[in-house]
Every structure is written in structure tokens, then in C-alpha cells.
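Structure assessment
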Amino acid sequence: MTDHWHAPLRRIRGGELTGDTGQTSGMTRLEAISGKTVGAERLWMGRTHVAPATGSGDHHHGDTETAIYVVSGHPVFVFAEGEREVRLETEPGDYVFVPPYTPHREENPGAEEAVVVIARSSQEAVVVNLPSLWAPVDGA
């Protein structure tokens, strides 16, 4: 009989994160907590790195909510509002919420690598790469 109330905790060391997850050009996603790594059923968590003077491709994360914590650097999160691009400039200690199906991209205009920690309401890293922020989004 399985005791679901006394399951063991799992530690994933920073050096054990895997890049075997959904990727977008211009950034590197590293997976820590997921269905694949620890058997999570409703959560995905990992870290993303964006090199200096680099931007990611436009993308969205399907029906998942995404929470982002800025660890280092000054990443800029870009999304479309009507016909204009909106740029959220961030600094270490900031949090960003990305609603489901919202096309966006990350940019790092700075001279140092930008590192963020990401948590999603899914056990998988849902990534749908898009040709632009205004591309039609299936499922929304």
C-alpha cells in the first residue's frame, strides 16, 4: 500500500539540472522539478539563462501559468498589447507573471548574463515557439 502522506522529499542540486526540456532560440532552459525528474503532477520549475545582448524567440507556454523570479541581470519581458510592444524592464528580486497563452519573449540588453527561476502550473515545460508576438495562438 502506498502512503501518499509520507512521500520522501527530493533534492535537485544546481549542477543536476537538465537541458532536456522545451527550448526557445536565444535562451537556455534548465529543468529541475517536473514529472520527468521527480514525478511532480502539477508543477514545473527550472532556471533560464539569457546571454548578454541577446533576445529569445517569441513564444508562449500553452495553458500554463508561469511565475518568474529574476535572480541576476536585468532581463526585459516583451509582449503585445494591441498593436504595440510592451517592455517590462526588471532587476534582481523582481517577479513576473505570464498568463496562459500569452505570446512574449525575453531580452537581455545588459552586459551580464540574465538568470531567472521559473515555476509553471504543469509538470512539463510547455513551450510553443511563434513567428511573432501577433501570431495566432491555438487553444486560447
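Preceding this paragraph is the structure being described.
Described below are features of the structure shown in this document. (Residues numbered from 1 in each chain as written. Predicted model: local features only at pLDDT ≥ 70, side-chain atom pairs only at ≥ 80, totals over all residues. Heavy atoms only, no water.)

In terms of helices and strands, the chain carries one helix and 11 strands. Order of helices (α) and strands (β) in the chain, N terminus to C terminus: β-α-β-β-β-β-β-β-β-β-β-β. A compact globule built from 140 residues would reach a C-alpha radius of gyration of about 14 Å, and the chain, at 16 Å, matches this within 12%. Its C-alpha atoms put the chain at 55 × 35 × 25 Å along the principal axes. Expressed as a percentage of its 140 residues, the buried residues of the chain come to 37%. Entry remark: accessible area of the chain is about 8,100 Å², with carbon and sulfur atoms responsible for 54%. (Helix = DSSP H or I, 4+ residues; strand = E, 2+ residues; numbered from the N terminus. Rg over C-alpha atoms; globule rule 2.2 N^0.38 Å. Buried < 20%, exposed > 50% of the residue type's maximum accessible area, 1.4 Å probe, protein only. Areas by Shrake-Rupley, 256 points an atom, 1.4 Å probe, with all protein chains shown as cover.)

A contiguous nonpolar patch, built from Tyr69, Val71 and Tyr95 and spanning about 320 Å² of accessible area, is present on the exposed surface. Inspection of the secondary structure puts Val71 in strand 5 (residues 66-72). Overall, the relative accessible area of 41% leaves Val71 in the partly exposed class. (Patch = residues over 30% accessible without salt bridge, like charges linked within 9 Å, V, L, I, M, F, W, Y side chains within 5 Å. Salt bridge = Lys/Arg side-chain N within 4 Å of Asp/Glu carboxyl O.)

Turning to the side chain of Arg120, a few remarks are in order. Residue position: Arg120 is located in strand 10 (residues 114-120). Despite its burial, Arg120 remains without a salt bridge, the nearest opposite charge being carried by Glu106 at 6.8 Å. Within the structure, the side chain of Arg120 is placed 3.1 Å from the side chain of Thr66, a separation counted as a polar contact. Beyond its immediate sequence surroundings of up to four residues, Arg120 is in contact with Arg29, Arg42, Leu43, Trp44, His61, Thr64, Glu65, Thr66, Ala125 and Val126. (Lys, Arg positive; Asp, Glu negative; His and termini not counted. Polar contact = N/O pair within 3.5 Å; in protein donor to acceptor, adjacent residues only side chain to side chain. Contact = heavy atoms within 4.5 Å.)

Right, let's get into the sheet that holds strand 2 (residues 44-50). Spatial ordering of the open sheet is given by 1-2-10-5-8, a layout of five strands whose pairing is antiparallel. Looking at the sheet topology across the chains shown, the edges are occupied by strand 1 (28-33) and strand 8 (95-98). In this sheet, neighbouring strand axes are inclined to one another by 25° on average, regardless of whether the strands run parallel or antiparallel. Alignment of strand 5 against strand 10, held across six bridges, turns out to be antiparallel. What sits directly across from Tyr69, in strand 10, is Val117. (Pairing = 2+ DSSP bridges. Axes fitted to C-alpha atoms, helices over the stretch in contact; angles between N-to-C directions.)

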